[in-house]
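Each chain is listed here by its residues.
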Amino acid sequence: MIKANTDQLNQAMSHSNAFHKGNEVEVFVRDKHFIFLIDTSHSMDADLDAVNQAIKDILPLLKTWENDQKGNSQISLQVITFGGDVNYVVGSNGVFVPLEQVQIPELSASGGTPMCEAIQESILSLTSAYDASKKYSKPVVLLLSDGEPTDGDDLPIDAFSSSKLGQGASRIAVAFSDAANKQILESFLSRDMKEVGLFQASNATELVQQLKNAALSAVVGHNVNVNAAADLKA
């Protein structure tokens, strides 16, 4: 919670996210959690450099959106990979990293595609992160895969409803290559993202662009082309 004298705050800040207490305004900063679920199975090996670059490119775009919220919302990030095993490469269970502190490591590929386990882990993390004393904006969970799960036939979508944070999450997905099971990835989309739809890419250049488009579309709540600056407005 941030405290400031009333004459230092823009009048707009005293509405939905603030209340008056004496001669001070207490402003609630709404946390917005963002989770990347990245397929790092063996088949992704040749394209993980593009994924790395896309995530790095997305960070300043998310910061632009955060700045546009004029202090009302703060984004923090996790990156969970699934290739053979499920691993946190940014953050940990229930711990999200502020944008300014995010360091994206080089990703490496191996093994199968435990997509169901990765989704379950994202739900557990959102559940662990919940604090009843805080205010939250809709979390975002972005799923990227070039295939289908090797640890189950159906994605554990219903489990999101058991998490106070997860049940309101905007879930978006990117299908990479013709081998991606588009039906399964479309089933991951949350109701608010159905109209936005599944993002698709067939090469590394398209993958970078579509990851950026998907990330910003989920944050602002409508279809975004990041090459058009006006689209970044909520």
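The rules we used
- Residues numbered from 1 in each chain as written.
- Predicted model: local features only at pLDDT ≥ 70, side-chain atom pairs only at ≥ 80, totals over all residues.
- Heavy atoms only, no water.
- Helix = DSSP H or I, 4+ residues; strand = E, 2+ residues; numbered from the N terminus.
- Buried < 20%, exposed > 50% of the residue type's maximum accessible area, 1.4 Å probe, protein only.
- Contact = heavy atoms within 4.5 Å.
- Salt bridge = Lys/Arg side-chain N within 4 Å of Asp/Glu carboxyl O.
- Phe/Tyr/Trp six-rings, centres within 6.5 Å; stacked < 30°, edge-to-face > 60°.
- Lys NZ or Arg CZ within 6 Å of the ring centre and 35° of its normal.

What about the side chain of asparagine 213?
Part 1 of the reasoning: Tracing the backbone shows asparagine 213 in helix α4 (residues 204–220).
Part 2 of the reasoning: Judged by its relative accessible area of 6%, asparagine 213 falls in the buried class.
Part 3 of the reasoning: If near-sequence neighbours (up to four positions away) are discounted, asparagine 213 is found in contact with Phe199, Val224, Asn225 and Val226.

Quick word on the pattern of salt bridges
If charged atoms from side chains of opposite charge come close, those side chains can pair.
Part 1 of the reasoning: Taken as a whole, this structure holds six salt bridges when the rule is applied.
Part 2 of the reasoning: We note a salt bridge from glutamate 106 to lysine 56, for which the minimum N-O separation is 3.6 Å. Here lysine 56 lies in helix α1 (residues 48–68) and glutamate 106 lies in the loop between β7 (97–98) and α2 (115–129), a separation of 50 residues in the sequence.
Part 3 of the reasoning: Overall, the relative accessible area of 56% leaves glutamate 106 in the exposed class.
Part 4 of the reasoning: Classification of lysine 56 as partly exposed rests on a relative accessible area of 35%.
Part 5 of the reasoning: One salt bridge connects aspartate 192 with lysine 138, and the closest N-O pair in it is separated by 3.1 Å. Separated by 54 residues along the polypeptide, aspartate 192 in the loop between α3 (182–187) and β10 (199–201) and lysine 138 in the loop between α2 and β8 (140–145) bring together distant segments of the chain.
Part 6 of the reasoning: A relative accessible area of 29% means that aspartate 192 is categorised as partly exposed.
Part 7 of the reasoning: Here lysine 138 falls in the partly exposed class, since its relative accessible area comes to 42%.

Things to note about the packing of aromatic side chains
Here a ring pair, both rings aromatic, is described through the centre-centre distance and the interplanar angle of the planes.
Part 1 of the reasoning: On inspection of all chains with the given rule, the structure shows three aromatic pairs.
Part 2 of the reasoning: Lying over the aromatic face of phenylalanine 160, arginine 171 brings its terminal NZ or CZ to 4.8 Å of the ring centre.
Part 3 of the reasoning: Geometry around phenylalanine 188 places arginine 171 over its ring, the cationic atom sitting 5.8 Å from the centre.

Quick look at unusual backbone geometry
Part 1 of the reasoning: If you check the backbone angles, serine 177 has positive phi at about 85 degrees while not being a glycine.
Part 2 of the reasoning: Among the structural elements, serine 177 can be located in the loop between β9 (170–176) and α3.
Part 3 of the reasoning: Looking at serine 177, the relative accessible area reads 21%, which means it is partly exposed.

Description of the environment of threonine 81
Part 1 of the reasoning: Positionally, threonine 81 belongs in strand β5 (residues 73–83).
Part 2 of the reasoning: For threonine 81, a relative accessible area of 6% gives the class buried.
Part 3 of the reasoning: A C-alpha to C-alpha distance of 8.9 Å links threonine 81 and serine 41, two positions 40 residues apart in sequence.
Part 4 of the reasoning: Beyond its immediate sequence surroundings of up to four residues, threonine 81 is in contact with Ile38, Thr40, Val86, Asn87, Val89 and Leu107.

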